[in-house]
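Summary of structural features
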Amino acid sequence: MTTPMTTPGQSPVRILLADDHALVRRGVRLILDSEPDLTVVAEVGDGAEAIAAARTQPFDLAILDVAMPRMTGLQAARELSVLRPELRILMLSMYDDLQYFFQALRSGASGYVLKSVADRDLVAACRAAMRGEPFLYPGAVTALIRDYLDRVRRGEGVPEQVLTAREEEVLKLVAEGHSSKEIGELLFISIKTVERHRANMLQKLGLRDRLDLTRYAIRAGLIEP
C-alpha cells in the first residue's frame, strides 16, 4: 500500500466517481473513503453527468468507467481534459486490453485500473495520479514489452532514433519516477543538465510535460516490467 499523501490539517483529494453500476460505485467508494487522503465527493452514472458535475463542483481527480451509456468514460476524459486541464483522470475498466489502455492515455488519463483488482491497485493509482505520475497495471507493462519485442523481431514499427543515447537514459529514469536530483546522481550529471535534457526531449518530441514523456517511453518500449 502506498503512503497517504496528506499531512495533518491538509484536505483529502476530492474525487468524482463515474460508473453506471451503483454496486460498483459503492464498492469503489468503500475502498477510497477508507483512506485518510482520499474522499469521494460526487457520484454520477455516465460521462455526460461527469462533465456536468465538473462544470459546477471542484474536483482533484476523476475516476471514470470506460464503458458507460450516453457518453463513455473515454469520451468524457477527452472533454474533461479540455474543460479542466488541471483535473487528474483515471480510467476504471473490466477490459484487460491494450487498445483500451492506449485509448485511455490518448484521452488524457494518467492511469488505467482493472475492476477485477481495484481493491489492490486503485488507491496506489489515485496517489500516483495526484503526483503527476502514470499508473500501469502489471499486466499492461508485460504486454507492452512483449508487443514491442515482437515488432522488433519482425522488423515492424520500430521507431526511428529521435533521441540521443543520453536522452534515452534520462527519459527512462523520468518514466520510472525519479526526480531530477536522483537522475543527476545516477548519471553523474548536474540537475541543470538533467533539466536541459528534459527540455530538449520535450521540444524534439513535441510534448508538454513529464506525463507525456512517460507515455512516450511506454510506446518506445523503455519501461521495464
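Described below are features of the structure shown in this document. (Residues numbered from 1 in each chain as written. Predicted model: local features only at pLDDT ≥ 70, side-chain atom pairs only at ≥ 80, totals over all residues. Heavy atoms only, no water.)

**Digging into the layout of surface pockets**
Roughly 330 Å³ of volume is contained in the largest pocket. Counting only elements with at least two residues in the lining of the largest pocket, the list comes to strand E4 (88-93) and helix H10 (210-219). Top contributing element to the lining of the largest pocket by residue count: H10, with four residues. Classifying every residue of the lining of the largest pocket by side-chain character gives four nonpolar, four polar and seven charged. (1 Å grid on protein atoms, 1.4 Å probe; cavity = no way out; pocket = protein on both sides within 12 Å on 5 of 7 lines; lining within 4 Å. Points joined across faces, edges and corners; volume = space filled by probe spheres on them. Helix = DSSP H or I, 4+ residues; strand = E, 2+ residues; numbered from the N terminus. Nonpolar A, V, L, I, M, F, W, Y, C, P; charged D, E, K, R; others polar.)

**Observations concerning the sheet that holds strand E1 (residues 13-18)**
Sheets are built from strands paired through backbone hydrogen bonds, the pairs being either parallel or antiparallel. Spatially, six strands are ordered E2-E1-E3-E4-E5-E6 in an open sheet, and the strand pairing comes out parallel. With one partner strand each, in any of the chains shown, strand E2 (38-44) and strand E6 (135-136) form the two edges of the open sheet. (Pairing = 2+ DSSP bridges.)

**Some words on the pattern of salt bridges**
In the structure shown here, the tally under the stated rule is 20 salt bridges. Close ionic contact of Glu86 with Arg84 constitutes a salt bridge, the shortest N to O distance being 2.5 Å. The exposure class of Arg84 is buried, given its relative accessible area of 12%. Members of the salt-bridge network, linked through shared partners, are Arg25, Arg29, Asp33 and Glu43. (Salt bridge = Lys/Arg side-chain N within 4 Å of Asp/Glu carboxyl O. Buried < 20%, exposed > 50% of the residue type's maximum accessible area, 1.4 Å probe, protein only.)

**Considerations on the environment of Ile89**
On the secondary structure map, Ile89 appears in strand E4. Overall, Ile89 belongs to the buried group, its relative accessible area being 1%. When the C-alpha atoms of Ile89 and Ala109 are compared, they prove to be 4.7 Å apart, with 20 residues separating the residues in sequence. Excluding residues that lie within four positions of it along the chain, Ile89 makes contacts with Leu61, Ala62, Leu64, Ala77, Leu80, Ser81, Gly108, Ala109, Ser110 and Gly111. (Contact = heavy atoms within 4.5 Å.)

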